[in-house]
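# Architecture and fold: a report
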Amino acid sequence: MNGPFRFRFWLGAAALAFAASAAHAQAPEKFTFALNWFAVGDHAAYWVALDKGYFAKAGLDVTLENSKGSGDSIAKVDTGRADAGLADAVAVLAADARGAKVKMVGMVFDKTPLNFFTWKDKALKSPKDVEGKTIGAPPGDGQRQAWPAFAKLHKIDEGKVTWVNMEPSAKIAALAEKRVDIVADYTTGMPFYEKAMGAGNVAMFPWADTGFDLYSMSIIASEKTMRERPKALRAFLEAAYMGWRDVMANPKEALAIFKKRVPEIDLSIIEPNMMLGLDLMRTKNYADHGIGWIDEKKMCGSVDIVNMYMGLARKVDCKDVYTTDFLTKVAMPVAPK
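Here we summarise the structure given alongside this text. Computed from a predicted structure; not experimentally measured.

About the thresholds
Residues numbered from 1 in each chain as written. Predicted model: local features only at pLDDT ≥ 70, side-chain atom pairs only at ≥ 80, totals over all residues. Heavy atoms only, no water. Disulfide = S-S within 2.5 Å. Helix = DSSP H or I, 4+ residues; strand = E, 2+ residues; numbered from the N terminus. Buried < 20%, exposed > 50% of the residue type's maximum accessible area, 1.4 Å probe, protein only. Expected span 1.5 Å × (residues − 1). Contact = heavy atoms within 4.5 Å. Polar contact = N/O pair within 3.5 Å; in protein donor to acceptor, adjacent residues only side chain to side chain. Phe/Tyr/Trp six-rings, centres within 6.5 Å; stacked < 30°, edge-to-face > 60°. 1 Å grid on protein atoms, 1.4 Å probe; cavity = no way out; pocket = protein on both sides within 12 Å on 5 of 7 lines; lining within 4 Å. Points joined across faces, edges and corners; volume = space filled by probe spheres on them. Nonpolar A, V, L, I, M, F, W, Y, C, P; charged D, E, K, R; others polar. Pairing = 2+ DSSP bridges. Axes fitted to C-alpha atoms, helices over the stretch in contact; angles between N-to-C directions.

### Here we look at the state of the cysteines
Counted by the stated rule, this structure contains one disulfide. A sulfur-sulfur separation of 2.1 Å characterises the disulfide bridge that pairs C300 with C318. The S-S bond linking C300 to C318 shows a torsion near -85 degrees; that makes this disulfide left-handed. One end of the pair, C300, is in helix α14 (residues 296-309); the other, C318, is in helix α15 (residues 318-321), with 18 residues separating them in the sequence. With relative accessibility at 10%, the residue C318 sits in the buried group.

### Considerations on α14
Its 14 residues place the ends of α14 20 Å apart at the C-alpha level, agreeing with the 20 Å of an ideal helix rising 1.5 Å per residue. Of the positions making up α14, those classed as buried are K298, M299, S302, V303, I305, V306, N307 and Y309. Those residues of α14 hidden inside the fold are in contact with α5 (89-97), β4 (102-107), α6 (142-153) and α15. The backbone nitrogen of K297 has a side-chain oxygen 3.3 Å away, supplied by the residue at the start of α14, namely D295. Two residues or fewer after α14 comes G311, characterised by a positive phi angle close to 60 degrees.

### Some words on the packing of aromatic side chains
If you walk through the whole model with that rule in mind, you get 16 aromatic pairs. Taking the centre distance of 5.4 Å and the plane angle of 35 degrees together, the rings of W37 and F38 count as tilted. When the ring of F117 is compared with that of Y193, the centres are 4.3 Å apart and the planes differ by 25 degrees; the resulting orientation is stacked. Here the residue F117 occupies a position in strand β5 (residues 115-119), and Y193 occupies one in helix α8 (residues 190-197), the gap between them amounting to 76 residues. Judged by its relative accessible area of 0%, Y193 is buried. An aromatic cluster is present here, built from F31, F33, Y46, F55, F236 and W244 joined pairwise through their rings.

### Some remarks on the layout of surface pockets
Taken as a whole, the largest pocket encloses approximately 220 Å³ of empty space. In terms of lining residues, the largest pocket is bounded by 13 residues, among which F38, A39, V262, E264 and I265 are the most central. Residues belonging to the lining of the largest pocket are distributed by class as follows: nine nonpolar, two polar and two charged.

### Things to note about the sheet that holds β4
Ordered by their spatial adjacency, five strands build an open sheet running β2-β1-β3-β10-β4, and the pairing between neighbours is mixed. Unpaired on one side and paired on the other, β2 (60-65) and β4 mark the two borders of the sheet. Taking each pair of neighbouring strands and ignoring which way they run, the sheet shows an average axis angle of 30 degrees. Bridge count between strand β1 (residues 29-34) and strand β3 (residues 84-88): two bridges; the pairing is parallel. Considered in β3, the bridge of A34 is made with G85.

### Quick notes on empty space enclosed by the protein
Remark: the empty space left among the atoms is shown by a probe the size of a water molecule rolled over them. Counting across every chain of the model gives one cavity of 30 Å³ or more. Put simply, the largest cavity is a space of about 270 Å³. Of all elements in the fold, only α6, α7 (171-176) and α8 reach the threshold of two or more residues within the lining of the largest cavity. In the lining of the largest cavity, the residues fall into nine nonpolar, eight polar and five charged.

The quantities given are spatial measurements derived from coordinates; they are silent on function.
Right, here's the structure in full:
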């Protein structure tokens, strides 16, 4: 091989090697996000972020995975089966008290949706009305884990309440068929219950109306993810909240994307379900600090209630259960279309 040809060959090989190396370096990072439930309206933002390429532009190859309640999604994140996830704040605090290594890194609902559903003719008038009743929820459900605190706060005799274990998807049918008296579920679930039970036949009993206004749905990450993949976590959160921004700005577009990505959803239910969730997010806190911001006073107040009433294995410290270090300020849209 003569000199010039050898040189050209070397250049070509070097260029190919460089290109291969660059392509490898730019390969998107795998990132698994554990949703807390089957498909519901407040998952739309993550499908919007995926569909619009926000995750991809951030260098992430994101997989969205359903779970069977907050306990399930927390376990996935804590054991490394997921990099981040959705979980109710109370369930996170309870898990941390048992030794889980997860933190809340962003909020979803700024107002709490914790609630009991009943038939309207059996509507609850006060917290103690649950005594003598059966309540349906999965064992890992965040609201069920918050129950001891709610019960102690309102001096409910827990021995007079029977919890019935069920799959998340069985809640609605169980109440509609009167197999349980009450179902623990977010206020945002109202459209699902009205479809099964008939408009005007469903009653809500929001826990916030009784003075139990805790943080609820949050985005969580493990200590391992925070320590070893801080850039990926920050990129994920920014893209996810950009998805939420777009849902707020154009709900119809978001629903079209959600339906395309998850064809089995029923938009007649998902649309009002999603809109009820947005009502919990259009707050001054988010307007001032960006979508997903965690307010220290409210978080520490939530921790105080849980420490006081839930009988945790050990008390948790407010500063140990959340961080805002990975949040970027994704502004709320000026007004929805």
